[in-house]
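# Topology and contacts: notes
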Amino acid sequence: MATTTAAAGKQEKISLLKVLGPVHVWALGVGIVLVGEYMGWNFSVAKGGAYGALIACWVIGLLYTCVAMIDSEVTSTVAAAGGQYTQAKHIIGPLMAFNVGLYLVMAYTMLEAADALVVGDLLKAVAAQYGAELDPRPFVVLTIAFLAWLNYRGVFMTLTVNFVITAFAVLAILVLFFSTTGIAGGESVLRHSELLTDLPYGWIGVLASLQFGMWYYLGIEGTCQAAEEVRSAGRSIPLGTMGGMMTLLIAASLTWYICTGLIPWEYLGQATTPLYDAARLTGSVELEVVLFIGTMFAAIASANGCINDASRAWFSMSRDCYMPHWFGAVHPRYRTPYRAILFLIPIAASFAFTGLLDQVITFSILSGLLGYTFMSFNIVRFRRLWPLGSIERGYVHPYHPVPCIVLGLLCGATYFATYLGYGTSLLSIMAFYILVSIWFVVRRYPYVKRGEQFTMPWPRPKGY
């Protein structure tokens, strides 16, 4: 961690500020994920049809509910930046910790790149409606640069902004729902009886749709990255995470209902911005404007949260010497991991400039999925080493070990679903993580000081 020389000549550590509450945790988790309701989820329609996407929505919702419960228990105890990385180094060991940390950094950096692509593509599409041509690349760079500056200046301001724009994006979905169903007055414009069909590719299509069904919820686990900056981790992390998961389950179901009632599934499965397209089909200029702003805000909130989470994971790994220690610095005035924030900007921008939205999404999904697989083993070992009653927990997830078994099985099914559509990408990403693991063991492991990493005031593990 960065240090500064005090007047007395002593070295004083500069730490991250504890300024966040449950609302900020909610804004971080929902803010990262909500863009998945505005784009990305609908690729599951192309795989399994409208009903296949609905099944994927609820099955993957169960997967992420397990993730949220497990994460809430462990993070309410392991209250440090790095989230699942910090859990891994305390509960399993350095090699697993390195891999989990890298999963986090890559998942959020790829998601940030996808968000920036959406901002550029949406502006280009709107310009085309009015007969103008617009190069989206400057807007991609501008989005990443502005949000990096916001993160650089302080976490409280960053997540307060995220709360405001995320709340608007949630309200935009509700406005579209009430307007199209006729609940708020007028007639319903939804045509489910005409547009919904049986499963076009059978149950194998439903299985394949699980891959992009993750887009409904991908990133909710990022709430754990705020653990070192909340005023009370035992209260804020479970409240923000579980409240965020409930919000997303409702938003995902409403999004599916609206879009499948307005857009034929053949087109819906290829749309870049399905909710905005649905608003355009209503013929209401007001709804179109609201959903345009909602889509922009959702993408910006997601990219903003991704910069926050990726930088915390990279900072935490660097602080422990898993990466060069230079990146583990805290800004003396703004108290943010500023070097980690700045380092990841060109990486996100370079992936965004590829323009390969589905490939970038797949990289993010698989990195996240690898992290969820780790959680299913991590909670079992955590409960074995520190049983209930041995240490204080802010939250205890129910029915253990059922959630971790369900999580493991659903992760396995999603790996297979990804292999069906992106087998080469899956194998390439696996090979990448194997190679960097070898690099870590050979080049970085000698710098890791295991005794200094164990920072939790826990009793000696059971059986040791």
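These numbers were taken from a predicted model, which means no experiment stands behind them.

## Here we look at the overall build of the chain
The helix and strand inventory of the chain stands at 17 helices and 2 strands. Rg of the C-alpha trace for the chain: 22 Å, near the compact-globule value of 23 Å for 464 residues, within the 12% margin. Its C-alpha atoms put the chain at 70 × 45 × 40 Å along the principal axes. The buried share of the chain, reckoned over its 464 residues, is 59%. For the chain, restricting intrachain contacts to residue pairs at least 6 apart in sequence, the fraction spanning at least 24 positions comes to 83%. Between the centroid of the 27 positive side chains of the chain and the centroid of its 24 negative side chains there is a distance of 18 Å.

## What about the packing of helix 3 (residues 43–75) against helix 9 (residues 202–213)?
The geometry of helix 3 relative to helix 9 is characterised by a closest axis approach of 7 Å and an angle of 70° between their N-to-C directions. Overall, the two elements helix 3 and helix 9 adopt an arrangement that is roughly perpendicular. Residue-level inspection shows Phe43, Ser44, Lys47, Gly48, Gly52, Ile55, Ala56, Val59 and Ile60 of helix 3 in contact with helix 9, the latter providing Trp203, Gly205, Val206, Ala208, Ser209, Leu210, Phe212 and Gly213.

## Re the nonpolar core
In this structure, Tyr64, Tyr217 and Tyr372 are the most contacted members of the largest nonpolar core, which totals 150 residues. Among the elements that line this core, the one with the most residues is helix 5 (residues 94–129), at 20 residues. Counting residues in each nonpolar core, the second largest holds 5 residues, with Leu147, Ala148, Ile307 and Ile341 among its members.

## Points about the side chain of threonine 86
Here threonine 86 lies in helix 4 (residues 84–91). Polar side-chain contacts of threonine 86 include one of 2.6 Å to the backbone oxygen of alanine 81. If we ignore the near neighbours within four places in the chain, the residues touching threonine 86 are Val78, Ala80, Ala81 and Ser316.

## Details of helix 12 (residues 274–281)
With 6 of its 8 residues buried, helix 12 lies for the most part within the structure. Three or more residues of helix 12 are buried, namely Pro274, Leu275, Tyr276, Asp277, Ala278 and Ala279. Turning to helix 12, the residues buried within the fold contact helix 2 (35–38), helix 5, helix 7 (155–181), helix 10 (233–260), helix 11 (265–268) and helix 13 (285–319). The first or second residue beyond helix 12 is glycine 283, which carries a positive phi of 85°.

## Some points on the state of the cysteines
One pass over the structure, following the stated rule, counts 0 disulfides. Free of any disulfide, cysteine 57 has its nearest cysteine sulfur in cysteine 259, 12 Å distant. Taking the relative accessible area as the measure of exposure, cysteine 57 reaches 0% and is therefore buried.

## Topic: the pattern of salt bridges
Scanning the model with the defined rule gives 7 salt bridges in all. Put simply, glutamate 73 and arginine 393 hold a salt bridge, and the shortest N to O gap is 2.9 Å. Within this pair, whereas glutamate 73 is found in helix 3, its partner arginine 393 is found in the loop between helix 15 (357–385) and helix 16 (402–444), the two being separated by 320 residues in sequence. Looking at arginine 393, the relative accessible area reads 13%, which means it is buried. Residue arginine 319 is joined to glutamate 228 by a salt bridge in which the shortest nitrogen-to-oxygen separation is 3.0 Å. Residue arginine 319 is located in helix 13, and its partner glutamate 228 is located in the loop between helix 9 and helix 10; the two are separated by 91 residues in the primary sequence.

## Some points on the side chain of lysine 89
Locating lysine 89 in the fold gives a position in helix 4. A residue is classified by how much of its surface remains accessible, and lysine 89, at 11% relative accessible area, is buried. What lysine 89 contacts, discounting residues up to four positions off in sequence, is Ala97, Asp320, Tyr322 and Gln453.

## Observations concerning the packing of aromatic side chains
Considering all chains together, one arrives at 32 aromatic pairs under this definition. Aromatic pair tyrosine 322 and phenylalanine 440: ring centres 5.4 Å apart, planes at 10°, arrangement stacked. On the criterion of sequence distance, the pair formed by tyrosine 322 in the loop between helix 13 and helix 14 (338–352) and phenylalanine 440 in helix 16 is long-range, its members being 118 residues apart. This pair shows no difference in class: tyrosine 322 is buried, exactly as phenylalanine 440 is. When the ring of phenylalanine 440 is compared with that of tyrosine 445, the centres are 6.0 Å apart and the planes differ by 90°; the resulting orientation is edge-to-face. Assessed through its relative accessible area of 0%, phenylalanine 440 is described here as buried. Taking the relative accessible area as the measure of exposure, tyrosine 445 reaches 36% and is therefore partly exposed. A cation sits over an aromatic face here: arginine 444 above tyrosine 447, 4.5 Å from the ring centre.

## Some thoughts on a nonpolar patch on the surface
Taken together, Leu95, Ile434, Leu435, Ile438, Val441 and Val442 make up a surface patch of nonpolar side chains, about 570 Å² in accessible area. At 5 residues, the largest contribution of residues to the nonpolar patch is made by helix 16. Examined against the element boundaries, leucine 435 turns out to sit in helix 16.

## Topic: the environment of leucine 95
Examined against the element boundaries, leucine 95 turns out to sit in helix 5. Counting along the chain gives 346 residues from leucine 95 to valine 441, while the straight-line C-alpha distance between them is 7.5 Å. Ignoring anything within four residues of it in the chain, the contact list for leucine 95 reads Ser437, Phe440 and Val441.

## What about the confidence of the model for the chain?
Mean pLDDT over the chain: 90, with 97% of residues reaching 70 or higher. Across the chain, the element-wise mean pLDDT spans from 41 in strand 1 (residues 3–5) up to 96 in helix 7. In this model, residues 1–11 is a region of pLDDT below 50 whose contacts with residues beyond four sequence positions or in other chains number 23 contacts.

Conventions we followed
- Throughout this description, residue numbers start from 1 for each chain and increase along the sequence as written.
- Restriction of local features to residues with pLDDT of at least 70 applies here, the model being predicted, together with a cutoff of 80 or more for giving and counting side-chain atom pairs; totals for whole chains, interfaces and linings are based on all residues.
- With hydrogens and water excluded, all non-hydrogen atoms of the structure serve as input to the side-chain values.
- Secondary structure follows DSSP: runs of H or I at least 4 residues long count as helices, runs of E at least 2 residues long count as strands, and numbering of each begins at the N terminus.
- We compute the radius of gyration over the C-alpha atoms and compare it with the globule rule, which gives 2.2 Å times the number of residues raised to the power 0.38.
- Partly exposed describes any residue whose relative accessible area lies between the buried limit of under 20% and the exposed limit of over 50%, with all areas from a 1.4 Å probe on protein chains only and scaled to the type maximum.
- Throughout, a contact is declared for two residues whenever any of their heavy atoms are within 4.5 Å.
- Think of it this way: Lys and Arg go in the positive column, Asp and Glu in the negative one, and His and the chain ends go nowhere.
- Charged groups are reduced to one reference atom each: NZ for lysine, CZ for arginine, CG for aspartic acid, CD for glutamic acid.
- Helix axes are fitted only over the stretch in contact, all axes being lines through C-alpha atoms; the angle between N-to-C directions runs from 0 to 180 degrees.
- To sort the angles, those under 35 degrees are grouped as roughly parallel, those over 145 as roughly antiparallel, those from 65 to 115 as roughly perpendicular, and the leftovers as oblique.
- We call a set of buried residues a nonpolar core when its members are Ala, Val, Leu, Ile, Met, Phe, Trp, Tyr or Cys and they connect through side-chain atoms within 4.5 Å of each other.
- In the analysis that follows, any N or O atom pair within 3.5 Å is treated as a polar contact, provided that within protein one partner can donate a hydrogen and the other can accept it, and provided that, for residues neighboring in sequence, both atoms belong to side chains.
- Disulfides are defined as pairs of cysteine sulfur atoms found within 2.5 Å of each other.
- Throughout this description, the term salt bridge denotes a Lys or Arg side-chain nitrogen within 4 Å of a carboxyl oxygen of Asp or Glu.
- Stacked, tilted and edge-to-face are the three classes assigned to paired rings of Phe, Tyr and Trp, where Trp is represented by its six-membered ring and a pair needs centres within 6.5 Å; plane angles under 30 degrees give stacked, over 60 edge-to-face, the rest tilted.
- Only when the NZ of Lys or the CZ of Arg is both within 6 Å of the ring centre and within 35 degrees of the ring normal is a charge said to sit over the ring.
- Only residues whose relative accessible area exceeds 30% and that form no salt bridge enter a patch; like-charged residues are grouped when within 9 Å of one another, and nonpolar side chains (Val, Leu, Ile, Met, Phe, Trp, Tyr) when within 5 Å.
- Accessibility throughout is a Shrake-Rupley quantity obtained with a 1.4 Å probe, and a residue counts as covered only by protein chains that appear here.
- Each residue carries a pLDDT score, the predictor's own confidence in it, on a scale running from 0 to 100.

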